[in-house]
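# Analysis of the macromolecular model
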Amino acid sequence: MTAASHSFKIPQSVLVVIHTPALEVLLIKRADVDDFWQSVTGSKDSLDETFLETAQREVMEETGIDCGPGSKLADELQDWHLENVYEIYPRWRHRYAPGVTHNAEHLFGLQMPAVTPVRLSPHEHTAYQWLPWREAAAACFSSSNAEACLLLPRFASSQRR
């Protein structure tokens, strides 16, 4: 089943913390909510889409950064093997099937060589900023996103070569 063939979002998503070796974190501002800063996020398009495929697709859609197979950044997308299960905000529950109240969010990190400009999807995001990891955590709207930013030093150190 594809996104076009069903009307409800799949309650399985990814959160990708995009960062530099110096632990500067990319945050993007949602277009549909005032002052809602976040990392790249997004739901699976189909039940058979893997979390890795979802992460690669969402990063490209939301930032224009290619971390898909064969790209220069393909090896920099790191599965953190963590999942948050959280209650979907009531304002967005209409996007899911009746009775769906929780989402499972799989965490990834993507290390960029340096701070870089991004190409936003204007219908989803209106601005971006690179912040030191603690400041990024403080700026995140959602607590699970803030927590992911706070975990960054642990995961980034295991990624350093």
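Here, the structure is the one placed above.
Residues numbered from 1 in each chain as written. Predicted model: local features only at pLDDT ≥ 70, side-chain atom pairs only at ≥ 80, totals over all residues. Heavy atoms only, no water.

The helix and strand tally for the protein stands at 3 helices and 7 strands. Mapped in sequence order, the helices and strands of the protein form the string β-β-β-β-α-β-β-β-α-α. Here the C-alpha radius of gyration of the protein, 15 Å, is about what a compact globule of 161 residues would show, namely 15 Å. Within the span of the protein, comprising 161 residues, buried residues form 49% of the whole. In the protein, the share of contacts with a sequence separation of at least 24, taken over all contacts with a separation of at least 6, comes to 69%. Per element, the accessible surface of the protein, about 8,300 Å² overall, is 54% carbon and sulfur. In the protein, 14 side chains carry a positive charge and 21 a negative one; their mean positions are 3 Å apart. (Helix = DSSP H or I, 4+ residues; strand = E, 2+ residues; numbered from the N terminus. Rg over C-alpha atoms; globule rule 2.2 N^0.38 Å. Buried < 20%, exposed > 50% of the residue type's maximum accessible area, 1.4 Å probe, protein only. Contact = heavy atoms within 4.5 Å. Areas by Shrake-Rupley, 256 points an atom, 1.4 Å probe, with all protein chains shown as cover. Lys, Arg positive; Asp, Glu negative; His and termini not counted. Charge placed at Lys NZ, Arg CZ, Asp CG, Glu CD.)

This part is about the pattern of salt bridges. Two side chains of opposite charge can pair, provided their charged atoms sit close to one another. According to the stated counting rule, one finds 7 salt bridges in the structure shown. The salt bridge involving Arg30 is made with Asp32; its shortest N-O contact spans 2.9 Å. Connected through shared salt-bridge partners, Asp45, Glu49, Arg57, Glu58 and Glu61 make up one network. (Salt bridge = Lys/Arg side-chain N within 4 Å of Asp/Glu carboxyl O.)

This next bit is on the pairing of strand S1 (residues 12-19). Counting buried residues along S1, 7 of its 8 residues qualify, which places the element largely inside the surrounding structure. In terms of strand pairing, S1 meets strand S4 (residues 40-43) through 4 bridges, oriented antiparallel. Along S4, the bridge assignment pairs Val16 with Val40. (Pairing = 2+ DSSP bridges.)

This part is about the environment of Arg134. Structurally, Arg134 can be placed in helix H2 (residues 133-139). Here Arg134 falls in the exposed class, since its relative accessible area comes to 58%. Linking Arg134 and Gln56, residues 78 residues apart in sequence, is a C-alpha distance of 25 Å.

This part is about the environment of Ser71. You can see Ser71 is positioned in the loop between helix H1 (51-63) and strand S5 (77-87). Side-chain polar atoms of Ser71 contact the backbone nitrogen of Ala74, separated by 3.1 Å. (Polar contact = N/O pair within 3.5 Å; in protein donor to acceptor, adjacent residues only side chain to side chain.)

Each aromatic ring pair is specified by the distance between its two centres and by the angle formed by the two planes. For the structure on display, the rule yields 5 aromatic pairs. Arranged with centres 5.8 Å apart and planes meeting at 75°, the rings of Phe36 and Trp92 form a pair that is edge-to-face. In this pair, Phe36 sits in the loop between strand S2 (24-30) and strand S3 (37-38) while Trp92 sits in the loop between S5 and strand S6 (102-111), placing the two residues 56 residues apart along the sequence. The exposure class of Phe36 is buried, given its relative accessible area of 5%. Taking the centre distance of 4.3 Å and the plane angle of 5° together, the rings of Trp80 and Phe155 count as stacked. Of this pair, Trp80 sits in strand S5 while Phe155 sits in helix H3 (residues 143-159), and the two are 75 residues apart along the sequence. Across the pair, Phe155 and Trp80 agree in class, each one buried. A network of ring pairs unites the aromatic residues Phe36, Tyr89, Trp92 and Phe141 as a single cluster. Residue placement shows Arg30 over the ring face of Phe36; its charged tip is 5.4 Å from the ring centre. Above the plane of the ring of Phe51 lies Lys44, whose end atom (NZ or CZ) is 4.4 Å from the centre. (Phe/Tyr/Trp six-rings, centres within 6.5 Å; stacked < 30°, edge-to-face > 60°. Lys NZ or Arg CZ within 6 Å of the ring centre and 35° of its normal.)

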